[in-house]
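For reference, the chains in residue letters:
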Amino acid sequence: MLQSFKDHGLSLFRAAVTSFVSLLVIEFIYRGSIIDFSNWFLSHSNYFLYAFVFMFFFFGSLSILKSKAYFLVSALFVLIGIIIAFASGTKEKLRGDPLLPSDLVLAGEAKNMLQFFSGVSLYYLIMLPVILILFLFILWIVSKKMSVDNIPKSHYITASICLLLFTLFLFKDLNNEGRVFKKPFGINSEAASPKQLYDIYGVAIGFISSISGIQEEKPETYAASKIEGIISEVKNEKASQRNSAKKPNVIIIMSEAFWDPTVMNNVSFNKDPLPNFHHLSSNFTSGKLHVPVFGGSTSNTEFEILTSMSTQFLSPGSVPYKNYIKEPIPALPHIFRSEGYETLAYHTYHNWFYERNSVYKHLGFDRFVSLEFFPNPVQDMMYYRDNEITDEILKQIEKSDKPNFIYAITMQNHGPYRTDAKKFYATMEAQLKEGEGSFTPDAENILEFYADNLAEIDKDLQRLINSLEQMNEKTMVVFFGDHLPLLGDNYQVYKEAGYFTGEEDFNSYLKMYQTPLLIWDNFSDQKENLQLSAPF
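Anyway, here's the lowdown on the structure attached to this text. If you're wondering where the values come from, they're calculated on a predicted model, not measured in any experiment.

Parameters at a glance
Residues numbered from 1 in each chain as written. Predicted model: local features only at pLDDT ≥ 70, side-chain atom pairs only at ≥ 80, totals over all residues. Heavy atoms only, no water. Pairing = 2+ DSSP bridges. Helix = DSSP H or I, 4+ residues; strand = E, 2+ residues; numbered from the N terminus. Axes fitted to C-alpha atoms, helices over the stretch in contact; angles between N-to-C directions. Contact = heavy atoms within 4.5 Å. Patch = residues over 30% accessible without salt bridge, like charges linked within 9 Å, V, L, I, M, F, W, Y side chains within 5 Å. Areas by Shrake-Rupley, 256 points an atom, 1.4 Å probe, with all protein chains shown as cover. Salt bridge = Lys/Arg side-chain N within 4 Å of Asp/Glu carboxyl O. Buried < 20%, exposed > 50% of the residue type's maximum accessible area, 1.4 Å probe, protein only. Core = buried A, V, L, I, M, F, W, Y, C linked by side-chain atoms within 4.5 Å. Arc of directions from axis to C-beta.

1. Examining the sheet that holds strand S5 (residues 367-369)
Within the open sheet, the eight strands sit side by side as S5-S4-S8-S1-S10-S11-S3-S12. Their pairing is mixed. Taken across any chain shown, the strands that pair with only one partner, and hence form the sheet edges, are S5 and strand S12 (529-533). Within the sheet, the average angular offset between the axes of one strand and its neighbour, ignoring direction, is 15°. Alignment of strand S1 (residues 249-255) against strand S8 (residues 404-409), held across five bridges, turns out to be parallel. Pairing of Ile 251 across the sheet is with Ile 406, part of S8. Seen against the sheet, helix H11 (residues 298-307) touches S1, strand S3 (285-290), S8 and strand S10 (475-481) and runs at an angle of roughly 160° to S8. Here helix H14 (residues 356-363) sits on the sheet and contacts strand S4 (342-347), S5 and S8; the angle it forms with S5, its principal contact strand, is near 150°.

See the structure below:
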């Protein structure tokens, strides 16, 4: 009996030590310093204990394994936790939100996931695989020296109890259906965002809690008959409004990371990077577009624009193109095609990215012209020039007998924005205004690199408008940015310019999630100042 209690105690002690060390290492890597870890521990001690208990149940359920197997399996899970912690901390600094389970659906596009790490220093990118190899080497050495022991029968009891409690934890606490363990720890509130979830609960709880949200649940009040009734009403209304008048071409251009840096009051430029855009905005309908993402996830803004569905109703970090669009859905291309339009999409990148090659068929595009089908595209450092798309749009308008609905996604302005190089057409200079200090060299070069991109995009926008004005075709152009640019690690340029800090207050939120919007046409005299959301 005494030996049995001793075995139980040793088993639980081993699980407790493994849990504490794992939690310490993973959270230290995610938070970046022992000070930040200490602040979390001291200010959210109940959440720390909650995460510790979760890990304790997990490692306790491994008590059924022999010492060598326990060591190897535990080390493997800790390694996975370290990788998630590093990726989450890095992505959070760049994009404002941690790594989420839904991000892993992009694993098939692994080389493009490097965009998360574009702002990470070369030192860390070299050291990470070195540390990983060293970790695996030490693991191999230690495991070889460990002896194979027998498992006391009492360990089966310990493992069974811990597995039961771990399962209860997973299915009653982490999917937000209950509070079996939250209540004893005084946890009464839910995190408002993925960042808050990770910051308060820790990486392990944050990541696993996010998994349950990937599969969307059908609302209780949903009924197919209600939806069919709404569709029937819309069809009848649309039929009564049809007329035989010549329909205008509609061109929507979602310009990669397009934003107006002159709104930063503390910054001065040697000249206006967007003179044509500003002139058009003052003479035609323009305003602000509220977008769902910051610094990346272009396809989410695109999804909202084309479908009028808000990603706010989906789980955090969702990528609708990857997660949900597996069959035809109502969207602008379908609507325009039903009205006699030819519907086309253009993108100067590969057709498989975000699975656009299949998604666009479900959205109703007749054709998708991706990078693979552009004749002799010219590269502009990392990506391709916007004028490649402009040329194709103008050719299509000229040759088509039908009215055109065109959705174009540009790439010339895609980051990263270099700290150590300039483009051959560079002319822009930026600095903080007198009395505001000065930019660090890296921040200054990032902003100037970005402004040089904008100056070229601005010229091509004007070329498109001038060419359309000369054609005898009614045409509307809608031009906007999909998200703000990533101007350095951890909002570097924005912070140094005093524009926003990345904190979650309302004013910062507005600045971080609004891009410029322009609507030009050659057949009306309407001019409005718009404040729109992407779905609307």
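2. Looking at a nonpolar patch on the surface
A cluster of nonpolar residues, Phe 13, Val 17, Phe 20, Val 21 and Val 25, forms a patch on the protein surface that exposes about 430 Å² of accessible area. In this structure, Val 21 sits in helix H1 (residues 2-31). By relative accessible area, Val 21 is classed as partly exposed at 44%.

3. Digging into the nonpolar core
Side chains of nonpolar character tend, in soluble globular proteins, to be buried together. Judged by nonpolar contacts, the single largest core of 55 residues is most densely connected at Ile 393 and Tyr 494. With 12 residues, the single largest contributor to this core is helix H16 (residues 441-470). Discounting residues that sit within four places of it in the chain, Tyr 494 has contacts with Trp 259, Met 264, Phe 294, Leu 484, Pro 485, Leu 487, Tyr 499 and Phe 500. Counting 36 residues, the second largest nonpolar core, distinct from the first, contains Val 78, Leu 99, Ile 205 and Phe 207.

4. Description of unusual backbone geometry
Residue Pro 416 is reached from Gly 415 by a cis peptide bond, and omega for that bond is 5°. Mapped onto the elements of the fold, Pro 416 is located in the loop between S8 and strand S9 (430-432). Positive phi, normally seen in glycine, also occurs at Ser 297, with a value near 60°. Of note, Ser 297 is situated in the loop between S3 and H11.

5. A few points about the pattern of salt bridges
By the definition in use, this model includes 14 salt bridges. The salt bridge involving Glu 448 is made with Lys 422; its shortest N-O contact spans 2.4 Å. With a gap of 26 residues between them, Glu 448 in helix H16 and Lys 422 in the loop between S8 and S9 connect regions that are remote in the sequence. The exposure class of Glu 448 is buried, given its relative accessible area of 8%. Take Lys 422: its relative accessible area is 37%, and that puts it in the partly exposed class. Arg 463 is the salt-bridge partner of Asp 460, the closest N and O atoms lying 3.2 Å from each other. One end of the pair, Asp 460, and the other, Arg 463, are both in helix H16, three residues apart, so they sit about a helical turn from each other. Overall, the relative accessible area of 9% leaves Asp 460 in the buried class. Ionic contacts of the salt-bridge type, sharing partners, join the residues Lys 322, Lys 326 and Glu 355 into one network.

6. Some points on H14
Within H14 the residues assigned to the buried category are Arg 356, Val 359, Tyr 360, His 362 and Leu 363. Axial view of H14: buried residues confined to an arc of 160°, hence all on one face. Elements in contact with the buried residues of H14: H11, helix H12 (320-323), helix H13 (332-338), S4, S5 and S8. A positive backbone phi angle near 110° is found at Gly 364, which sits one or two residues after H14.

7. Considerations on the environment of Lys 495
Looking at the secondary structure, you find Lys 495 in helix H17 (residues 492-496). Its relative accessible area of 35% is what places Lys 495 among the partly exposed residues. Spatially, the C-alpha atom of Lys 495 lies 9.8 Å from that of Ala 443, the residues being 52 residues apart in sequence. Once residues lying within four places of it in the same chain are set aside, the contact partners of Lys 495 are Asn 490, Phe 500 and Thr 501.

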